[in-house]
Amino acid sequence: MKERIPFVDWIRVVACFMVMLVHASENFYGADASGLAGNMSMLANEQNRFWVAFWDGGVSRTAVPLFMIVSAFLLVPMKPGMTMTGFYKRRFKRILPPFITFLLLYTFLPLLWGGMTWEQSVQDLKLLPWNFPSMAGHLWFMYPLISLYLIIPVISPWLERATAKEERIFIALFAVTTFVPFIHRFISPEIWGECFWNQFSMFWYCSGYIGYLVVAHYIRTHLKWSVQRRLTVGALCFLAGAAFTAWSFWMKGEPGQLIETPALEWGWEFCTPNVLLATFGLFVMFSCIQTEKAPAMITSLGKQSFGMYLMHMFFLAPIATWLIQGNQASPMLPVWLCIPVIACLTFVCCAVTTKILSYVPGSKYIIGV
């Protein structure tokens, strides 16, 4: 049996719950009829403005980068003797069958309860070779994850021989690129060689989630801090990054006003300096968990987290609809409580469902367990 790293299972469980918090929060600023954040957003009142900023921006925005770092932490560098084709076969055999299964489920299953029309379902089916279906926006994550898997055999040989200083140079370049979304928004939409015939700017190849991959390897291989230093520096980094991320939404959000969602979420992109800082801090803090084994429930949930992520929108949407009752300003529970309750109920439903499905023969092709 593959040896498990306790703090990694803790991260998987917490990050999975964070994803559900993010999507629970969207129900309180989305102007779309679905309740989720589409192209346009609107905050009903000041308490929605504050609690969405807190739960989504401050608490949970590191969920996706944490998953990226965990994947890189476990897989880079590749094991001795592992070939590129062998790596691809092993990784894609695990993630592609469940991914494809849920692409089809989100395309057709909502037809059973009238959640979509046949016309929309057929349109989504035509789109599947190119992108996720309309009711599965959360599956966007799978595409950059696949891209990381594709690049790992290419970058792994360099990481095997790179010094700590060389990795820090690359991480510094990556950190510079995290300011690009802000530069695009506040200074110029085209920088460092970008123009309508060229989207690949000067720092293009140092940007994106590959930066988190190198950060993960650096932490595992070169970061030799004591537990106390990890806790202290990690907490400061997380709090600083999370505070800015929450503030960026709160500052831009004006209750009662329609606003384009990208403008409202200007500080929420996953490759921004504040999210990078918060993700680094939280990951470093989790690495202080040095027990030989995680609790059995955490280990089990860690194994189930992929399937829980894939299916969670099937549960979250009706739970949110039930608790909000069409009134973002006055749901069944206070907003500060309603958001985590939606996430908790969704988490429990997903955990129970994936556990039951794990006993079905061939479950690894459905939920990855």
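No experiment lies behind these values; they were computed from the predicted model shown.

1. Some words on the environment of L316
Residue position: L316 is located in helix 13 (residues 296-324). According to the relative accessible area criterion, L316 is buried, its value standing at 0%. Discounting chain neighbours no more than four positions away, the residues touching L316 are M20, H23, A24, N27, I342 and T346.

2. Focus: the nonpolar core
Y212, L213, F283 and I342 are the most contacted members of the largest nonpolar core, which totals 106 residues. Top contributing element to this core by residue count: helix 13, with 14 residues. When near neighbours in sequence (up to four residues on either side) are disregarded, Y212 contacts P65, M68, I69, F174, F270, C271, V275, L276 and T279.

3. A word on a nonpolar patch on the surface
Among the surface-exposed residues, I100, L104, F108, W118, V122 and L125 lie close enough to one another that they form a single nonpolar patch of about 550 Å² accessible area. When residues of the nonpolar patch are traced back to their parent elements, those giving at least two are helix 4 (84-108) and helix 5 (118-127). Within the secondary structure layout, V122 lies in helix 5.

4. Notes on the pattern of salt bridges
Applying the stated criterion across every chain, the model contains 4 salt bridges. Among the ionic pairs, R4 bridges to D9, the shortest N-O distance being 2.7 Å. The salt bridge involving E46 is made with R49; its shortest N-O contact spans 3.1 Å. Placement of the pair is E46 and R49 together in helix 2 (residues 46-59), with a separation of 3 residues, close to one helical turn. What makes R49 buried here is its relative accessible area of 11%. Here the salt bridges share partners, and the residues they tie into one network are R4, D9 and R12.

5. A closer look at the packing of aromatic side chains
For any pair of aromatic rings, the description rests on two quantities: the centre-to-centre distance and the angle between the ring planes. One pass over the full model with this rule turns up 36 aromatic pairs. Relative to W266, the ring of F186 has its centre 5.2 Å away and its plane inclined at 85°; by these criteria the two rings are edge-to-face. Taken together, the residues span a long stretch of sequence, with F186 in helix 8 (residues 180-186) and W266 in the loop between helix 11 (261-264) and helix 12 (273-286) at a distance of 80 residues. Under the relative-accessibility criterion, F186 is labelled exposed at 54%. Accessibility expressed as a relative area gives 7% for W266, which makes it buried. Feature note: the residues F67, W140, F141, F270 and Y309 constitute an aromatic cluster, connected by ring pairs. Geometry around W250 places R49 over its ring, the cationic atom sitting 4.1 Å from the centre. The ring of F73 carries R220 above its face, with NZ or CZ at 4.7 Å from the centroid.

Conventions used here
Residues numbered from 1 in each chain as written. Predicted model: local features only at pLDDT ≥ 70, side-chain atom pairs only at ≥ 80, totals over all residues. Heavy atoms only, no water. Helix = DSSP H or I, 4+ residues; strand = E, 2+ residues; numbered from the N terminus. Buried < 20%, exposed > 50% of the residue type's maximum accessible area, 1.4 Å probe, protein only. Contact = heavy atoms within 4.5 Å. Core = buried A, V, L, I, M, F, W, Y, C linked by side-chain atoms within 4.5 Å. Patch = residues over 30% accessible without salt bridge, like charges linked within 9 Å, V, L, I, M, F, W, Y side chains within 5 Å. Areas by Shrake-Rupley, 256 points an atom, 1.4 Å probe, with all protein chains shown as cover. Salt bridge = Lys/Arg side-chain N within 4 Å of Asp/Glu carboxyl O. Phe/Tyr/Trp six-rings, centres within 6.5 Å; stacked < 30°, edge-to-face > 60°. Lys NZ or Arg CZ within 6 Å of the ring centre and 35° of its normal.

Geometric descriptors of this kind do not, in isolation, establish any biological role.
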